[in-house]
Amino acid sequence: MKRILTVQDISCVGKCSLTVALPIISAMGVECCVLPTAVLSTHTAFKGFTFRDLTGDLQKISNHWQEEKIHFDAVYSGYLGSFEQIELVSKMFDDLAGNDGITIVDPCMGDNGKLYSGFTQDFAYAMAKLCEKANVIVPNLTEACFMLGIPYETDYDMDYINNILVELGHLGAKKIILKGIEFTDEAADLKGFQGKMGIACYDVERKKTDWYFHKKFPQSFHGTGDIFASVLTGALMRGLPLDKACALSADFVVEAIKATLREPDWNWYGVNFEQAIPYLLRRIAAY
């Protein structure tokens, strides 16, 4: 059985970060080990949440694993709250994944053209340095623009996205997944991409981009990016090629949103991914 380590915070209520990564990756038949960077009572969309920083424990835990000679087939990082945590994860890529492990970075730090509260442009550049050491990176368009230090556009064409993919490839990762793409240009319309939400999967070595677009919902939910990255990690560990792993990840997010909206009193703070896990298992079994 493959074993992965995921490094991110745990929001005890809210369906994001570790509370989605652990059950999803485990359900996909991959051992999921966790390293919490912080413990929150809820995710940050709630008011008055509690927060306990665990930065001081991270290196101690990593040292113990190394003493026990525990090896990970992949190390997957999500939300990191400080420069120090970025540096610690960078070191873990070397210490815990080694030369044969896959390293995956979901640079959770912004959306809709803005960085999350407390983050700066310098933090985005530091995250870009971490992405240099990753095999796979999973930014959304906002995060990509800040890491590259380029303007975020809301009205763009396929050339704009292709240029971003190439520039992200220059950071060092071999596989780039760019999320949150919405086209308005005529070329995209001819491909049937108009009115949909999409992702671009770019294989740097082959210089090949696969596009995948799916239904766009008027509702917006917290944690769907974490769900996408978790399914992607599990799928890659199961040996799926990049394009199929991306499509599966996007389809599962859609199914989770559909399951949520079927509930008359659905929660605003997260999606019912649990109800979509049977769908995920059927898809995995088909490969």
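Each remark here, short or long, concerns the structure printed above.
Our subject in this report is the structure included herewith. Source: prediction; values computed, not measured. (Residues numbered from 1 in each chain as written. Predicted model: local features only at pLDDT ≥ 70, side-chain atom pairs only at ≥ 80, totals over all residues. Heavy atoms only, no water.)

### Brief notes about the packing of aromatic side chains
Evaluated as defined, the whole model comprises 12 aromatic pairs. Where Trp65 meets Phe72, the ring centres are 5.4 Å apart and the plane angle is 65°; that geometry is what we call edge-to-face. You'll find Trp65 and Phe72 in the same group, each marked buried. Ring plane angle 65° and centroid distance 5.3 Å describe the contact between Phe221 and Trp266, whose orientation is recorded as edge-to-face. With a gap of 45 residues between them, Phe221 in the loop between strand S11 (208-214) and helix H8 (224-237) and Trp266 in the loop between helix H9 (242-261) and helix H10 (273-286) connect regions that are remote in the sequence. The rings of Tyr156, Tyr160, Phe183, Trp211 and Phe213 are connected pair by pair, giving a single aromatic cluster. (Phe/Tyr/Trp six-rings, centres within 6.5 Å; stacked < 30°, edge-to-face > 60°. Buried < 20%, exposed > 50% of the residue type's maximum accessible area, 1.4 Å probe, protein only. Helix = DSSP H or I, 4+ residues; strand = E, 2+ residues; numbered from the N terminus.)

### Points about the pairing of strand S10 (residues 197-203)
Of all 7 residues making up S10, 6 are buried, and the element is well covered by its neighbours. Sheet topology places S10 next to S11; 7 bridges connect them, and they run antiparallel. Note on S11: the bridge partner recorded for Met197 is His214. Linking S10 back to S11 in an antiparallel pair, the connection comprises 4 residues, with Lys207 at a positive phi of about 55°. (Pairing = 2+ DSSP bridges.)

### Describing the environment of Thr50
Looking at the secondary structure, you find Thr50 in the loop between strand S2 (31-42) and strand S3 (51-53). Exposure remark for Thr50: the relative accessible area of 49% places this residue in the partly exposed category. Remark: the alpha-carbon pair of Thr50 and Ser11, spanning 39 residues in sequence, is separated by 9.6 Å. Those residues in contact with Thr50 that sit more than four places away from it in its chain are Val39, Leu40 and Ser41. (Contact = heavy atoms within 4.5 Å.)

### Focus on the packing of H8 against H9
Relative orientation of the contacting elements H8 and H9 amounts to 140°, with a least axis distance of 8 Å. It follows that H8 is oblique to H9 by the angle criterion. For the pair H8 and H9, the crossing hand works out as right-handed. Side by side, H8 and H9 meet where Thr224, Ile227, Phe228, Val231, Leu232, Ala235 and Leu236 of the first sit next to Leu242, Ala245, Cys246, Leu248, Ser249, Ala250, Phe252, Val253 and Ile257 of the second. When the residues that make up the contact of H8 with H9 are grouped by side-chain class, the tally is 14 nonpolar, 2 polar and no charged. (Axes fitted to C-alpha atoms, helices over the stretch in contact; angles between N-to-C directions. Parallel < 35°, antiparallel > 145°, perpendicular 65-115°, else oblique. Left-handed = near helix turned anticlockwise from the far one by under 90°. Nonpolar A, V, L, I, M, F, W, Y, C, P; charged D, E, K, R; others polar.)

### A few points about a negative patch on the surface
Together, Asp53, Asp57, Glu84 and Glu87 give the surface a local cluster of negative charge. Tracing the sequence through the fold places Asp57 in helix H2 (residues 55-67). Overall, the relative accessible area of 35% leaves Asp57 in the partly exposed class. (Patch = residues over 30% accessible without salt bridge, like charges linked within 9 Å, V, L, I, M, F, W, Y side chains within 5 Å. Areas by Shrake-Rupley, 256 points an atom, 1.4 Å probe, with all protein chains shown as cover. Salt bridge = Lys/Arg side-chain N within 4 Å of Asp/Glu carboxyl O. Lys, Arg positive; Asp, Glu negative; His and termini not counted. Charge placed at Lys NZ, Arg CZ, Asp CG, Glu CD.)

### Quick word on the side chain of Gln85
Locating Gln85 in the fold gives a position in helix H3 (residues 83-97). The exposure class assigned to Gln85 is buried, which follows from its relative accessible area of 4%. Aside from chain neighbours lying at most four places away, what touches Gln85 is Thr37, Asp53, Thr55, Leu58 and Leu80.

### Points about the nonpolar core
Across soluble globular proteins, nonpolar side chains have a tendency to be buried as a group. Counting residues in hydrophobic clusters, the biggest one holds 53 residues, and the most contacted among them are Leu5, Ile161, Ile164, Leu168 and Leu178. Beyond its immediate sequence surroundings of up to four residues, Leu168 is in contact with Ile137, Pro139, Ala144, Met147, Leu148, Ile176 and Leu178. (Core = buried A, V, L, I, M, F, W, Y, C linked by side-chain atoms within 4.5 Å.)

### Considerations on the pairing of strand S4 (residues 74-77)
Residue alternation in S4 divides its side chains into two sets, Ala74 and Tyr76 and Val75 and Ser77, and both sets are buried. In the sheet, strand S1 (residues 3-13) pairs with S4 via 4 bridges, with the strands oriented parallel. Considered in S4, the bridge of Thr6 is made with Tyr76. Across 4 bridges, S4 lies against strand S5 (residues 102-105) in parallel orientation. Its bridge partner lying in S5, Val75 is registered against Thr103.

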